[in-house]
Amino acid sequence: MAHKDNRIFLEKLKEKGMLKTITAPVDWNEEVAAICQELMVKKGPAPHFTNIKDYHNTWCKELVLDATMSNLERLKVAMDVPQSISNDELVLKWKDSVTKTIKPILLSSGVCKEVVIKGKEIDLYQIPVPKYHRRDGGRYINTWSAIITKDPETGVINVGNYRGMIYDKDKIAVLMIPTQGWGMHFKKYCALNKPMPVAIVNGGDPILHLCGVTPFPHNISEYDIAGGVRGEPLELTMAEIVDLPVPASAEIVIEGEIDPDVRVKEGPFGEYNGYFVSARSSLQPVIDVKCITHRKDPIYQGVMNGVVSPRVGSPHDSLTVVHSAAMWDHIEKAGVRGVTGVWQIGSPMAMIVVRIKQQFLSLIHI
């Protein structure tokens, strides 16, 4: 049974001892990330911070890190499957579910619009965004967010997870990779010489966020795929000012546009592979934020990136499942027969192990 919203999911984690509220004072500047890393090492619960330095009088005061990413037990809660299910069964269930797409339903509004902020009132620094690593170029607001864009030619909605750094109180510098879903959309908007509308969703359904970090064909919306995994449609509503559908129960929705001609400095960032991918900042597109909507007393969520060694913990256990399932599907569609298991090792798509049933006996005559 799908979770009605992200708060129900977090409450279920808390009931099972998989999420711990931390009321002690903590600093957003590297300390919360260090605590999260230690919890990954010790296979502890996800941290829910409620007493963050500089965030006692802001509209967002709470931060949850790593609700699903580094822990298969929490992934099983998100997928609503028994904890006894094996890794093979978990991969196979995800693989089978993503092919049974269910289209979302559109509501007239949602709790994601309980508060609407526009114009000079916009201030991204009201959100307790951590500085994760000492050499990061800034505070990365998009680590576990669903980035929504639309293909201007086909109208297909893409949901992805792409890094973004607070550049100013109303601007987010982003890493735009042309082969990714929104990168392909941006190229089309550039050709039209039009700004690309973007909605950043934080605190949506955990299944949607996992679909956003999984490679799917560009002609299928992750909203439909997430519906298939959930077994029921996502509930969406139209964003406040951009022409994009967003999850009606999301904690925070940031709306804006990316101008084809504007570039600002972005990076470096301690990326998923365990390195600072770029040693210095580079010029990248920027989201000009036009509106923020949020639930009352929203809970902001992020993910600790960059730790990939099994010796010290990894944030990618959930990605192992969803990427293994995606690779299994690709292999079968390529015509490979007899696949009985697929498992990713290390950082995303770094190494894939495939188990195949022996079907032919090769006889060598000397």
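**Quick look at the sheet that holds strand E13 (residues 245-247)**
Taken in spatial order, the three strands make up an open sheet running E4-E12-E13, and their pairing is mixed. What marks the edges here is a single partner per strand, and that holds for strand E4 (105-107) and E13. Here the average twist between neighbouring strands, direction ignored, is 50°. Bridging between strand E12 (residues 235-238) and E13 involves three bridges; their strand directions are antiparallel. When the sheet's bridge partners are listed, Thr237 is paired in E13 with Val246.

**Topic: the packing of helix H4 (residues 87-97) against helix H8 (residues 317-333)**
Contact geometry of H4 with H8 gives a least axis separation of 8 Å together with a crossing angle of 65°. Crossing of H4 against H8: the hand is right-handed. Residues Leu90, Val91, Leu92, Trp94 and Lys95 of H4 pack against Val321, Val322, Ser324, Ala325, Trp328, Asp329 and Glu332 of H8. For the contact of H4 with H8, the residue count by class is eight nonpolar, one polar and three charged.

**Details of the packing of aromatic side chains**
Inspection of the entire model under this criterion finds two aromatic pairs. Relative to Trp182, the ring of Tyr162 has its centre 4.7 Å away and its plane inclined at 5°; by these criteria the two rings are stacked. Within this pair, whereas Tyr162 is found in the loop between strand E8 (157-160) and strand E9 (164-168), its partner Trp182 is found in helix H5 (residues 181-192), the two being separated by 20 residues in sequence. Take Tyr162 and Trp182: they sit in the same class, and that class is buried. Above the plane of the ring of Trp328 lies Lys95, whose end atom (NZ or CZ) is 5.6 Å from the centre.

**What about the sheet that holds strand E1 (residues 19-22)?**
Strand order in this open sheet of four strands is E1-E2-E3-E18, and the pairing throughout is mixed. In the strand order of this sheet, the two ends are held by E1 and strand E18 (299-302), each with one partner. Strand-to-strand twist of the sheet, defined as the mean angle between neighbouring strand axes without regard to direction, takes the value 25°.

**Notes on the layout of surface pockets**
Remark: the empty space left among the atoms is shown by a probe the size of a water molecule rolled over them. Considered as a void within the structure, the largest pocket measures approximately 830 Å³ in volume. Lining the largest pocket are 33 residues, and of these Asn161, Tyr162, Gln180, Gly212 and Val213 lie nearest its centre. Those elements that place two or more of their residues in the lining of the largest pocket are E8 and H8. At three residues, the largest contribution of residues to the lining of the largest pocket is made by E8. By residue class, the composition of the lining of the largest pocket is 16 nonpolar, 14 polar and three charged.

**Observations regarding the side chain of Asn71**
The topology assignment puts Asn71 in the loop between strand E3 (62-65) and helix H3 (72-79). Overall, the relative accessible area of 11% leaves Asn71 in the buried class. Engagement of the side chain of Asn71 in a polar contact is seen with the backbone nitrogen of Glu73, the distance being 2.9 Å. Within the structure, Asn71 has its side chain in polar contact with the backbone nitrogen of Arg74 (distance 2.9 Å). Setting aside residues no more than four positions away along its own chain, Asn71 makes contact with Asp317 and Ser318.

**Some thoughts on unusual backbone geometry**
Pro268 follows Gly267 through a cis peptide bond whose omega is -5°. Looking at the secondary structure, you find Pro268 in the loop between strand E15 (264-266) and strand E16 (282-284). Backbone geometry places Asp66, a non-glycine residue, at a positive phi of 60°. Of note, the phi angle at Asn193 is positive, near 55°, even though the residue is not glycine. Inspection of the secondary structure assignment puts Asn193 in the loop between H5 and strand E11 (196-202).

**Comments concerning empty space enclosed by the protein**
Inspection of every chain in the model, using the stated rule, returns three cavities of 30 Å³ or more. Each pocket or cavity is described by its volume, and for the second largest cavity that value is around 40 Å³. Those elements giving two or more residues to the lining of the second largest cavity turn out to be strand E6 (140-142), E11 and strand E14 (252-258). The element contributing the most residues to the lining of the second largest cavity is E11, with three residues. A breakdown of the residues in the lining of the second largest cavity according to their chemical character gives seven nonpolar, three polar and no charged.

**Notes on the pairing of strand E7 (residues 145-150)**
When you tally the buried positions in E7, you get five out of six residues, the bulk of the element. Both E7 and E11 contribute to a ladder of four bridges, which runs antiparallel. Note on E11: the bridge partner recorded for Ala146 is Val201. For E7 and E8, the ladder comprises four bridges, and the chain directions are antiparallel. Each residue of the ladder has a partner; that of Thr149, found in E8, is Asn158.

Reading the values: rules and limits
- The residue numbers shown here count from 1 along each chain, following its written sequence.
- Under the rules for a predicted model, residues below a pLDDT of 70 receive no local features and side-chain atom pairs below 80 are neither given nor counted, while totals for whole chains, interfaces and linings still include all residues.
- To obtain the side-chain values, all non-hydrogen atoms of the structure were used and water was disregarded.
- Only strands joined by at least two bridges in the DSSP assignment are considered to pair.
- Helix and strand assignments follow DSSP, with helices taken as H or I runs no shorter than four residues and strands as E runs no shorter than two, numbered in order from the N terminus.
- Here the axes come from fitting lines to C-alpha atoms, over the contacting stretch only for helices, and the angles between their N-to-C directions go from 0 to 180 degrees.
- Crossing handedness is read from the near helix: turned anticlockwise from the far helix by less than a right angle, it gives a left-handed crossing, and turned clockwise, a right-handed one.
- Contacts: residue pairs with any heavy atoms within 4.5 Å of one another.
- The residue classification treats Ala, Val, Leu, Ile, Met, Phe, Trp, Tyr, Cys and Pro as nonpolar and Asp, Glu, Lys and Arg as charged. All others, Gly included, are polar.
- Note on aromatic contacts: the rings of Phe and Tyr and the six-membered ring of Trp form a pair at centre separations within 6.5 Å, being stacked when their planes are under 30 degrees apart, edge-to-face when over 60 apart, and tilted otherwise.
- Remark: exposure states derive from per-residue accessible area (1.4 Å probe, protein chains only) relative to the maximum for the residue type, with buried under 20%, exposed over 50%, and partly exposed in between.
- Placement of a charge over a ring requires the Lys NZ or Arg CZ to be within 6 Å of the ring centre, with the centre-to-atom vector within 35 degrees of the ring normal.
- Every definition here rests on a 1 Å grid over the protein atoms only: cavities are sets of points where a 1.4 Å probe fits but cannot get out, pockets are open sets enclosed by protein on both sides within 12 Å along at least five of seven lines, and lining residues have some atom within 4 Å of a point.
- Grid points are joined across faces, edges and corners, and a volume is the space filled by probe spheres set on the points.
- Here a polar contact is recorded for every N or O atom pair within 3.5 Å, except that within protein the pair must consist of a potential hydrogen donor and a potential acceptor, and residues adjacent in sequence are included only if both atoms are side-chain atoms.

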